[in-house]
Amino acid sequence: MKVEVRDLCARVHGTPLLSDVSFRLHERELFGLVGPNGSGKSTLMRCLAGLRRPSSGRVLADGEDLAWMPLRTRAQRIALVEQQADTTDRLTVRDAVELGRTPYLSPLRGWGVADDMAVGDALGAVEMAGFATRHWHTLSGGEQQRVHIARALAQSPDLLLLDEPTNHLDIRHQLSLLALVRDLRITRVVALHDLNQAMECDRIGVLHGGRLVATGSPQDVLDEALLAEVFGVTATRHRAPDGSPRLHFSHAL
Ligand SMILES: Nc1ncnc2c1ncn2[C@@H]1O[C@H](COP(=O)(O)OP(=O)(O)OP(=O)(O)O)[C@@H](O)[C@H]1O
């Protein structure tokens, strides 16, 4: 999916959360969204998902204004995994992932083999197939996070929005999740706090005080001046033994 965000503003009781945000997402790119706490990442993610109406401005998905897209179409095309996703229902892991297929079901189109396959593939992708019959509320935070991601994958979206998806995950599951996300052939936006993980995105956008202050390749954008100005840290750039660019943070300013 191609996305165009035009002059987007979001306000709560007159307080601006996002101001004049404009950028494009290219077909099948991996776009990292970074910024300090409270800079507006989650708010922008919800606008991209169509869950929050902008106060002004527009989000166009393949040229179509999200505000007018039928709910069912939007649910088939866009999946969001929020930071504090939770459920109070007594669901099994498989039930939770099956919810991702809801936008495809109707009185005329019941559950079928394709749905079973989508759910099985999604559980396998996040290494949770062995947990299918476990109750959701018995899972650890990291396991719950992986199930949420499986639910989003089962949705078979064209745009996948992940808000800090590596939260709660141990280092092996962080790396395997990022590899999985990197290999998906759909448009992806990932909000990240780990700027070295952001270095692996195709492009990134930096939010600061509700404004998008930079977009471009991570190597071009995350220079020492921006890291000091936006994140308030001193950092140096170096190369890992495999040649990939890395940031080393020394102290808070
Ligand atoms: N409903 C609301 N009412 C008032 N302020 C809000 C509301 N929702 C969000 N905010 C404020 O908007 C700002 C942006 O919040 P948002 O959650 O988008 O930031 P974030 O970049 O995702 O932060 P974090 O990195 O801490 O998750 C914050 O200062 C937050 O307190």
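These figures come from a predicted structure and were not determined experimentally.

The rules behind the values
Residues numbered from 1 in each chain as written. Predicted model: local features only at pLDDT ≥ 70, side-chain atom pairs only at ≥ 80, totals over all residues. Pairing = 2+ DSSP bridges. Helix = DSSP H or I, 4+ residues; strand = E, 2+ residues; numbered from the N terminus. Domains from an automatic or database assignment. Contact = placed C-beta atoms within 7 Å. Nonpolar A, V, L, I, M, F, W, Y, C, P; charged D, E, K, R; others polar. Core = buried A, V, L, I, M, F, W, Y, C linked by C-beta atoms within 7 Å. Buried ≥ 20, exposed ≤ 12 C-beta atoms within 10 Å, placed from the backbone.

## Re the sheet that holds strand β5 (residues 64–65)
What the 4 strands build is an open sheet, ordered β2-β1-β4-β5; its pairing is antiparallel. Edge strands, defined here as strands with exactly one partner in the open sheet, are β2 (15–25) and β5. With 2 bridges joining them, strand β4 (residues 56–61) and β5 adopt antiparallel strand pairing. Paired with L60 across the two strands is D65, which belongs to β5.

## Observations regarding the domain arrangement of the protein chain
Under the domain assignment, the protein chain is made up of domain 1 (3–222) and domain 2 (223–253). The distance between the C-alpha centroids of domain 1 and domain 2 comes to 26 Å. With 11 residues of domain 1 at the interface, the matching set in domain 2 holds 8 residues. The set of elements that each furnish at least two residues to the side of domain 1 that touches domain 2 consists of α7 (195–198), β9 (203–208), β10 (211–216) and α8 (218–221). Looking at the side of domain 1 that touches domain 2, its residues break down into 8 nonpolar, 3 polar and no charged.

## What to know about the nonpolar core
With 64 residues, the main nonpolar core has L48, V97, A150, L161 and V190 as its most contacted residues. Among the elements that take part in this core, helix α5 (residues 141–154) stands out by supplying 6 residues, more than any other. Here this core spans two domains, since at least three of its residues come from each of domain 1 (3–222) and domain 2 (223–253). The residues contacting A150, other than those within four sequence positions of it, are V97, A122, L123, A125, V126 and M128.

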